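The lines below spell out each chain.
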Amino acid sequence: MSQWKLRKKSAVLLLASVMSLSLFGCGNAPSGDSAAKPAQDTGKASASGSTQAGGKLVLYSAGPQKLADNIVSGFEAKTGVKVEMFQGTTGKILARMEAEKSNPVADVVILASLPSAQALKADGLTLPYPEAANADKLNKDWSDAEGNYFSTSASALGIVYNTNLVSAPPQSWADLGLPEWKDAVNIPDPTLSGSALDFITGYLSVKGETGWKLFEDYKANGTAMAGANQEALDPVITGAKSLVAAGVDYMAYSAKAKGEPLDIVYPEEGTVVSPRPAAILKSSPNVDNAKAFIDYLLSDEAQKLVADAYLIPGREDVEAEGRTNLKDIPVFKVDWAWMNEHGDETAARFSEVFK
Amino acid sequence: MDSQRLIRKMGVILALFLLIISIGVPLLLIFWQSVYPDQHFDWLAPLRTIAGHELSGVLLQSIWLGVCVVAGSTILALPLAWMMAKTRLGQHRWVDVILMIPFMTPPYIGSMGWILFMQKGGYLQQWLPGAAKWSDSFFSFGGMVLIMSLHLFPFLYLLLRDALIRIGGNLEEAGAVHGASAGYRFRKIILPLLLSSYGMGAMLVFVKTIAEFGTPATFGRRIGYYVMTSEIHKYISSWPIDFGKATSLASVLLSVCLVMWYMQSTISRKFTYRLVGGKGQRSKRYSLRGSKGALCALYIGLLLILSVGIPYFSVIVASLMKLRGAGLSLDNLTLDHYKELLSWGSVSQKALGNSLGLSLAASTVAVLLGTGFALVIGKSQGRMQRVIDLLSLLPNTVPGIVIVVGLILLWNAPWMPVTLYNTYGMVVLTYVVLFLPYTVQYVKASFTQIDGTLFQAGQVFGGGPLLILRRILLPLIMPGMLAGWIMTFTIASRELVGSLLILPPSMQTSATYIFAQFEQGQVSLGMAMAVVSVGMTVLLLLLVEAMNSKRKWNAS
């Protein structure tokens, strides 16, 4: 993740060329923040028109919108803080943060990919909050011990199939390379879908270099790389394709609950669980509200909302609903550190294989 | 005379200043990032990025696609423009409004419509199971060219039709009197007079094609055809974000477009004629009877079916479906999505309002500014004017997302005294910058063909500058302004890429709402929104068309 740092430095120098004073502002975060704050607040006041007693919070959230809406209204009802939310994919959120880095506005981000949160921490962009209530109940592997990020929910990856077209679903990842499923499989693009990248890097972290054979077999069998998760899933719902490899389970569960002809299997050999981390940004103008929001995300109430959205709750003491519980999903022993380091090159090589 | 020259000079300087602030500086900031990647200045960084990524093939694919789509839309637009300008069919103004629909449709929705229609198990195969063979040949490069041509040909059509109307009947009649056959008249009279407008339109189509993202992202990805914009978007919207690389690629795209612009402006200068003179002119309209008329009507009908009918059939059907997995049948249809969409006070209803307000504001500002710029550029070939011309065209030659990033870098900089970022104003500014070229192009096309003797005549008869402006200039460039306004409004109301990055949090437009629904798996709800917002735009355009139905154009 040194690229991020380099870019940051180049941006600092860029600004310096325009106005040398700003160099100090960027080099020294707290003073830079206080300098940027007044200007920002006036901009906000004209944008939102009113300021409430509880103040406000700017949230950038990836993932299911219904869940985010419910969490936001729950938090607003509880604290009186007004939440302004930007909803998008992990990539869009990171792009927006990059564009705004000289004058950040976001307080809290919720991403759909653990390595991106690890990268934010490594670049010193997160604000640690080790005192967060209930943080000790979170799954240890997915959250930062120093409180830089909290995985408050997770999804597991499986083989999603159209029940009208598939009567005997494949039971292992390798089965999707069989002639039976020629030209019938979609796989999400790991450069667009954080969870698909988690699956691929997770699989490779377990199988090593030989793991690539699986994806090469997929390609040889006519598997199509098809955009982000929903774009990969939609052709399966309409019947143009039969299965999704590395499909996100909560999307399949909620479509199934609506009545669509879908179901999911988790291959017995194991799969990858993709946690969805939330983090407070160091540049946050409303730190107290941001902390309160993290506390709310970890509360019983919000974890219940997570379960209602067919996601795996981040807290180990909360049960999932209407879906397979985490303890019943066969999981690979993945190496998150390796996955974080090799994400970029894996995505690039995967794209080469599927081009 | 001197004071007039002074005003003109002031106008040039003002235009230059505005353009540099709104377009020049953001692009320079972007360019700066691409040549300054690593704490030291490096002119070759963009070139190395391209060499290191084997992108020459992708670049060639982009250009080839552009060429094919220009050819495709010419084949579609030219006969139509002739029919609408020169035959009685031109009285059917509603055709124009319907032909605007492909424009109002976000490109990814149009492609989705085609995909849903043609794919395996799609709507066509549910009707005609034997159509499976067509499906394979449709999902190919040819299909992509067809979809994009059907989406972009209205650009060319509008320009060509207006040019044909301006040519009028008398030139052709003169040719006919002197014994020229129809083919000879077309070659020697119509074609040279059309070239300038055609060059402009073809360039617009070419640039739009290679800067287009929606169709490559949906259809292109499916057939494995990658273009420059898909690579640029990869660097901007997916991890790891790298504006430096994206901007390097964008500058290559920019160079290609500049070469096109240069070629086009050379051609235009060579083939610009003064068509609108003091003499009254009437247009000649052929009345088509019998088989010829039937053929023309058939052509228009077929074009309407292909460009609007099929995609919208899919979109509307998808918006009505209860279960997307259950296929086409009456008991699988429901109006629930529309009910949810239009319920008062809902997110979707606010998004519609935002879209409407933003695009009204943006198109009005853009038309005022763009007309000013076009008049300043005028017919003169001074260096300043050409710089203005180039700057006002730039937003059309650079992928929208690059400009948007540049605008954010500029307006969100800590040293910027005005806080525009994250406000309503920023969105309007972005739309204006992105869509300024349309008004400039349309007004310029009208203006360059006005004979200067008209203004001299006005002065001879004692008309002051204001009177000349009001009674001579404005009526003559009005169609151009109106076309620019309509174009800006329709495109702004569906703008997606910029809106995704620039809208303040908690604010949505219909386009971002649709996109969010697709991301969330609520395809039906997204399609319903597309139908509603396009329907609203059509109604508004019909209203404008009705008010404008007494065209003053040929009345003089």
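None of the values given here were measured: they were computed from a predicted structure.

**As for the overall build of chain A**
Move 1: Each helix and strand in chain A was counted, giving 13 helices and ten strands.
Move 2: When burial is assessed residue by residue, chain A has 60% of its 355 residues classed as buried.
Move 3: Taking as baseline every contact in chain A between residues at least 6 positions apart, the subset at least 24 positions apart corresponds to 76%.
Move 4: Summed over its atoms, the accessible surface of chain A is roughly 13400 Å², and 54% of this surface lies on carbon and sulfur atoms.

**Some points on the overall build of chain B**
Move 1: The helix and strand tally for chain B stands at 25 helices and zero strands.
Move 2: Considering only contacts within chain B whose residues lie at least 6 apart along the sequence, 79% involve residues at least 24 apart.
Move 3: Of the roughly 22900 Å² of accessible surface on chain B, 69% is carried by carbon and sulfur atoms.

**Details of empty space enclosed by the protein**
Residue and element names in this part refer to chain B.
Move 1: Taken as a whole and judged by the stated rule, the model has 13 cavities of 30 Å³ or more.
Move 2: Considering only enclosed or pocket space, the largest cavity measures out at about 240 Å³ in volume.
Move 3: Every residue lining the largest cavity is counted, 15 residues in all, and those nearest its centre are R93, L158, R161, I486 and E545.
Move 4: Within the residue set of the lining of the largest cavity, elements represented by two or more residues are α4 (94-99), α9 (141-167), α22 (465-492) and α25 (523-547).
Move 5: Along the lines of polarity and charge, the residues of the lining of the largest cavity split into eight nonpolar, one polar and six charged.
Move 6: Built from parts of two domains, the lining of the largest cavity gets at least three residues from each of domain 1 (1-33 + 336-549) and domain 2 (44-275 + 290-320).

**Observations regarding the pairing of strand β4 (residues 150-162) of chain A**
Residue and element names in this part refer to chain A.
Move 1: Of all 13 residues in β4, 13 are buried, a share of seventy percent or more.
Move 2: In the sheet, β4 pairs with strand β10 (residues 312-313) via two bridges, with the strands oriented antiparallel. Residue S153 lies in a different strand from β10, and its bridge partner there is P313.
Move 3: Two elements, β4 and strand β7 (residues 243-248), share four bridges in a ladder whose sense is antiparallel.

**Remarks on the nonpolar core**
Move 1: Counting residues in each nonpolar core, the largest one holds 185 residues, and the members touching the most others are F155(B), Y157(B), I232(B), M487(B) and M527(B).
Move 2: Broken down by element, the residue count for this core peaks at 17 residues, all from α9(B).
Move 3: The residues contacting F155(B), other than those within four sequence positions of it, are F103(B), L204(B), V205(B), K208(B), Y438(B), Y442(B), M487(B) and I491(B).
Move 4: Among the nonpolar cores identified, the runner-up in size contains 100 residues, and Y149(A), A278(A), I280(A) and I294(A) belong to it.

**Here's the deal with the UniProt feature "binding site: Fe cation" (unreviewed entry) in chain A**
Residues and elements named next belong to chain A.
Move 1: Under the feature "binding site: Fe cation" (unreviewed entry), the UniProt entry names Y250.
Move 2: Within the secondary structure layout, Y250 lies in helix α10 (residues 249-258).
Move 3: Once you skip the residues sitting within four places of it in the chain, Y250 turns out to touch G63, P64, S155, R276, A309, Y310 and L311.

**Observations concerning the domain arrangement of chain A**
Residue and element names in this part refer to chain A.
Move 1: The assigned domain composition of chain A is domain 1 (2-8 + 37-45 + 52-154 + 274-325) and domain 2 (155-273 + 329-354).
Move 2: Taking the mean C-alpha position of each, domain 1 and domain 2 sit 26 Å from one another.
Move 3: Contacts between the two partners involve 22 residues from domain 1 and, on the opposite side, 18 residues from domain 2.
Move 4: Across the interface of domain 1 and domain 2, roughly 1500 Å² is buried in total on both sides, 59% from carbon and sulfur atoms.
Move 5: Connecting domain 1 to domain 2 are one salt bridge.
Move 6: Among the salt bridges present, the one from R323 reaches D249, with a minimum N-O distance of 2.5 Å.
Move 7: Between domain 1 and domain 2 we count six residue pairs in polar contact (both at pLDDT 80 or more) in total.
Move 8: Taken together, the elements giving at least two residues each to the side of domain 1 that touches domain 2 come down to α6 (114-122) and β9 (273-280).
Move 9: Class assignment for the residues of the side of domain 1 that touches domain 2 results in eleven nonpolar, eight polar and three charged.

**Observations regarding the pattern of salt bridges**
Note on pairing: side chains with opposite charge can pair once their charged atoms come close.
All names here are of chain B.
Move 1: Tallied over the entire structure, the rule returns 17 salt bridges over all chains.
Move 2: Note that D389 is salt-bridged to K444, the shortest N-O span being 2.8 Å. Linking D389 in helix α18 (residues 383-397) with K444 in helix α20 (residues 424-447), this pair joins segments that are 55 residues apart in sequence. In terms of burial, D389 and K444 fall into one category: buried.

**So, the pairing of strand β2 (residues 82-87) of chain A**
Residue and element names in this part refer to chain A.
Move 1: Most of β2 is tucked away: five of the six residues are buried.
Move 2: Where strand β1 (residues 56-61) lies against β2, six bridges are found, and the strand directions are parallel. In the sheet register, L59 faces β2, and the bridge partner there is M85.
Move 3: Between the parallel elements β1 and β2, the chain passes through helix α4 (residues 65-79) in a crossover that is right-handed.

**Digging into the environment of W142(A)**
Residues and elements named next belong to chain A.
Move 1: By secondary structure assignment, the location of W142 is in the loop between α6 and β4.
Move 2: Spatially, the C-alpha atoms of W142 and T79 are 27 Å apart, while their sequence positions differ by 63 residues.
Move 3: For W142, the contacting residues outside a window of four places in its chain are L114, Y149, S151, A154, V273, P275, L326 and W336.

**What about helix α21 (residues 453-460) of chain B?**
Residue and element names in this part refer to chain B.
Move 1: Along α21, the positions that sit buried rather than exposed are L454, F455 and G458. For α21, the buried positions fall inside an angular range of 100° around the axis, keeping them on one side.
Move 2: Tucked inside the fold, the buried residues of α21 contact α20 and α22.
Move 3: With its phi angle positive at about 85°, G462 sits one or two positions after the end of α21.

**Some details on the domain arrangement of chain B**
All names here are of chain B.
Move 1: You can read the domains of chain B as domain 1 (1-33 + 336-549) and domain 2 (44-275 + 290-320).
Move 2: With centres defined by C-alpha atoms, the gap from domain 1 to domain 2 works out at 21 Å.
Move 3: Facing 51 residues of domain 1, the contacting portion of domain 2 comprises 52 residues.
Move 4: Together domain 1 and domain 2 conceal approximately 4700 Å² of surface at their shared face, both sides included; 73% is due to carbon and sulfur atoms.
Move 5: Here domain 1 is connected to domain 2 by zero salt bridges.
Move 6: Those elements giving two or more residues to the side of domain 1 that touches domain 2 turn out to be α1 (2-35), α16 (336-342), α18, α19 (400-411), α20, α22, α24 (510-520) and α25.

**Brief notes about the side chain of Q517(B)**
Move 1: Inspection of the secondary structure assignment puts Q517(B) in helix α24.
Move 2: Judged by its relative accessible area of 7%, Q517(B) falls in the buried class.

**Topic: α9(B)**
Residue and element names in this part refer to chain B.
Move 1: The end-to-end C-alpha distance of α9, which contains 27 residues, comes to 37 Å, matching closely the 39 Å that a straight helix rising 1.5 Å per residue would cover.
Move 2: The largest bend in α9 amounts to roughly 40° and is located at L152, with the proline P154 lying one to four residues further along.
Move 3: Burial runs high along α9: 24 of the 27 residues are buried.

**Observations concerning the packing of aromatic side chains**
Move 1: Tallying each qualifying case throughout the model produces 26 aromatic pairs over all chains.
Move 2: Geometrically, the ring pair formed by F155(B) and Y438(B) is stacked, given 5.6 Å between the ring centres and 20° between the ring planes. With F155(B) in helix α9 and Y438(B) in helix α20, the pair connects residues that are 283 residues apart, well separated along the chain. Comparing F155(B) with Y438(B), the two get one shared label, buried.
Move 3: Grouped by ring-pair contacts, the aromatic residues W173(A), F199(A), Y203(A), W212(A), F215(A), Y218(A), F332(A), F350(A) and F354(A) constitute a single cluster.
Move 4: If you follow R96(A) out to its NZ or CZ, it ends over the ring of F86(A), 4.4 Å from the centre.

**What to know about a nonpolar patch on the surface**
Move 1: Taken together, the side chains of L14(B), F17(B), L18(B) and I21(B) present a nonpolar region at the surface, about 370 Å² in accessible area.
Move 2: Position of I21(B) relative to the elements: it lies in helix α1.

**So, the environment of S319(B)**
All names here are of chain B.
Move 1: Mapped onto the elements of the fold, S319 is located in helix α15 (residues 290-320).
Move 2: Judged by relative accessible area, S319 falls into the buried class, the value being 0%.
Move 3: The spatial distance from the C-alpha of S319 to the C-alpha of Y338 is 8.1 Å, given a sequence separation of 19 residues.
Move 4: Once residues lying within four places of it in the same chain are set aside, the contact partners of S319 are T334, H337, Y338, S524, M527, A528 and V531.
Move 5: A distance of 2.7 Å separates a polar side-chain atom of S319 from the backbone oxygen of I316.

Parameters at a glance
- Residues numbered from 1 in each chain as written.
- Chains lettered and ligands numbered in written order.
- Predicted model: local features only at pLDDT ≥ 70, side-chain atom pairs only at ≥ 80, totals over all residues.
- Heavy atoms only, no water.
- Helix = DSSP H or I, 4+ residues; strand = E, 2+ residues; numbered from the N terminus.
- Buried < 20%, exposed > 50% of the residue type's maximum accessible area, 1.4 Å probe, protein only.
- Contact = heavy atoms within 4.5 Å.
- Areas by Shrake-Rupley, 256 points an atom, 1.4 Å probe, with all protein chains shown as cover.
- 1 Å grid on protein atoms, 1.4 Å probe; cavity = no way out; pocket = protein on both sides within 12 Å on 5 of 7 lines; lining within 4 Å.
- Points joined across faces, edges and corners; volume = space filled by probe spheres on them.
- Nonpolar A, V, L, I, M, F, W, Y, C, P; charged D, E, K, R; others polar.
- Domains from an automatic or database assignment.
- Pairing = 2+ DSSP bridges.
- Core = buried A, V, L, I, M, F, W, Y, C linked by side-chain atoms within 4.5 Å.
- UniProt positions renumbered as here; feature names shortened; annotations may be inferred.
- Buried area = accessible area lost by both parts, 1.4 Å probe.
- Salt bridge = Lys/Arg side-chain N within 4 Å of Asp/Glu carboxyl O.
- Polar contact = N/O pair within 3.5 Å; in protein donor to acceptor, adjacent residues only side chain to side chain.
- Right-handed = clockwise from strand over helix to strand, strands pointing away.
- Arc of directions from axis to C-beta.
- Expected span 1.5 Å × (residues − 1).
- Bend = angle between axes of the 7 residues up to and from the residue.
- Phe/Tyr/Trp six-rings, centres within 6.5 Å; stacked < 30°, edge-to-face > 60°.
- Lys NZ or Arg CZ within 6 Å of the ring centre and 35° of its normal.
- Patch = residues over 30% accessible without salt bridge, like charges linked within 9 Å, V, L, I, M, F, W, Y side chains within 5 Å.

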